[in-house]
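# Secondary and tertiary structure notes
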Amino acid sequence: MPRLSEVITALENLWPAERAESWDAVGTVVGDPDQEVTRVLFAVDPVQEIVDEAVKLGADLLVTHHPLYLRGTTTVAATHFKGRVVHTLIKNDIALHVAHTNADTADPGVSDALAAALDLRVTGPLVPDPTDPEGRRGLGRVCALDSPLTVREFAARAAERLPATAQGIRVAGDPEAVVRTVAVSGGSGDSLFDHVRAAGVDAFLTADLRHHPAAEFLADRAHSPLALLDAAHWATEWPWCELAASQLDEISDRHGWDLRVHVSKTVTDPWTAHAASTTSDPLGAPN
C-alpha cells in the first residue's frame, strides 16, 4: 500500500498547488505523510456529513474540491463545525487534501468534467492559461454541440444530466433560440461574462448567477444575444469528482497500489427545496 506522501505527490502532479489562485487554500489540510492509504473518497465539500461518510467507508484519505479553511483560522476547537471536522478526521486517521482552483484550470479539469456530463465537445479553454504552451489549460471551456438544440432543450438536458438539486436549471434569454456553441464554467461564473462575449457562443452554463450582473449582461444589446443557464454550484462541480477518481484509479493501477477509490453521492448543496412561483397574472407582480 502507498503512503500518504506518495498519493499526495500523484495528486499534486495532477493539480499543482502553484497553479491555484493566490487567494486560494489548497493542498493537504490534515494527515500524516507516513500513514498508509488503502481507500480514498472524493467529494465536493469537506462538511461533517461527508467526513462521517468517509469514517463509515473506512477511508484513509478524503479529497475535496472546496477548501475547509479558505480564509484561515485561529482555532480548530470542536465547538465550531470546522473544528469538529478536523477532530473527526484526526481521530479516525483520515487525511484531507484539497484541489480547488488548481483543479478548475487543469487539463482535464472541473469544466471538462462538466462538459462531458452535458455531452459537449470541448474546443478550448474560455480563459486560457498563458503559461500553457499547448493552450489546453485555463478557466472554463468553450464547447460545441453535435446537433443544435433550443435553449429550452439544452436546459432540459442539463437538468437531466447533472445531479438533481432543489434549484434545477434557471434560464435567462429566449427559450426557443438555437444553441450550437456553449461556454461552461463549473462553480461561480458571472465574473467571466467578458470572456463569454468574446467567445461568441450561443449560451453560457455556470452557477451562482446574480441579479444585477446577469441583467446587465442580457441588456447589453451591443453584442449578440445569448442565453444564460444557471445551475446549482454543487451540481456543476460534482462531475469533477468522478473524473478525479478515474484519474487516481489509473495512477493506482500503473503503480500497482490497488487503491479502492470512491465518489460520494451525498448531496451537499445547501438548498433543500424549491417552490415554483404562481400568480393569476403572469405579467404582473403581486400587490
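Right, let's walk through the structure included here. (Residues numbered from 1 in each chain as written. Predicted model: local features only at pLDDT ≥ 70, side-chain atom pairs only at ≥ 80, totals over all residues. Heavy atoms only, no water.)

### Considering the pattern of salt bridges
Applicable threshold: Here, a salt bridge means any Lys or Arg side-chain nitrogen found within 4 Å of an Asp or Glu carboxyl oxygen. To qualify as a helix, a DSSP run of H or I must reach at least 4 residues; to qualify as a strand, a run of E must reach at least 2; elements of each kind are numbered from the N terminus. Three labels apply to residues, based on accessible area from a 1.4 Å probe with only protein chains included: buried if under 20% of the type maximum, exposed if over 50%, partly exposed otherwise in between.
Evaluation of the coordinates by the stated rule reveals 11 salt bridges. One salt bridge in this structure joins Asp107 and Arg136, with 2.7 Å as the shortest N-O distance. Within this pair, whereas Asp107 is found in the loop between α4 (101-104) and α5 (110-117), its partner Arg136 is found in the loop between β5 (121-128) and β6 (138-150), the two being separated by 29 residues in sequence. The exposure class of Arg136 is partly exposed, given its relative accessible area of 46%. Between Arg152 and Glu176 there is a salt bridge, and its shortest N-O distance comes to 2.7 Å. Of the two residues, Arg152 is situated in helix α6 (residues 151-161) and Glu176 in the loop between β7 (170-172) and β8 (178-188); the sequence distance between them amounts to 24 residues. Residue Glu176 is classed as partly exposed on the basis of its relative accessible area, which comes to 45%.

### Considering the nonpolar core
To keep things clear, this is the line we draw: Among buried residues, those of type Ala, Val, Leu, Ile, Met, Phe, Trp, Tyr and Cys that are joined through side-chain atoms within 4.5 Å constitute a nonpolar core. Contact criterion: two residues are considered in contact whenever any of their non-hydrogen atoms come within 4.5 Å of each other.
Ranked by internal contacts, the top residues of the largest apolar core, which has 53 residues, are Phe42 and Trp240. The element contributing the most residues to this core is helix α9 (residues 233-255), with 10 residues. In this structure, Phe42 is in contact with Trp15, Val63, Cys241, Ala244, Ala245, Leu248, Val261, His262, Val263 and Ser264, ignoring residues within four places of it in sequence. Leu41, Ile50, Ala54 and Val85 belong to the second-largest nonpolar core, a separate cluster that totals 15 residues.

### Quick look at the side chain of Gln247
Note on placement: Gln247 falls in helix α9. Excluding anything up to four places from it in sequence, Gln247 contacts Leu14, Trp15 and Pro108.

### Re the sheet that holds strand β1 (residues 27-30)
Condition: For two strands to pair, DSSP has to find at least two bridges joining them. Fitted lines through C-alpha atoms give the axes, limited to the stretch in contact for helices. The angle between two N-to-C directions lies from 0 to 180 degrees.
Read from one edge to the other, the open sheet built from 5 strands follows the order β1-β4-β3-β2-β11, with strand pairing classed as mixed. Looking at which strands have only one partner, the edges of the open sheet turn out to be β1 and β11 (260-263). In this sheet, adjacent strand axes meet at a mean angle of 25° when their direction is disregarded. Relative to strand β3 (residues 61-64), strand β2 (residues 39-43) runs parallel, the two sharing 4 bridges. Bridge pairing in β3 places Phe42 opposite Val63.

### A closer look at unusual backbone geometry
As a rule of thumb, non-glycine residues mostly have phi less than zero, and peptide bonds are mostly trans rather than cis. Residue Pro108 follows Asp107 across a cis peptide bond; omega there is 0°. Look at Asp93: it is not a glycine, yet its phi comes out positive at around 55°. Note that Asp93 resides in the loop between α3 (81-91) and β4 (95-98). With a relative accessible area of 55%, Asp93 lands in the exposed category. Its identity as a non-glycine residue notwithstanding, Asp258 has a phi of 60°, on the positive side. Along the polypeptide, Asp258 turns up in the loop between α9 and β11.

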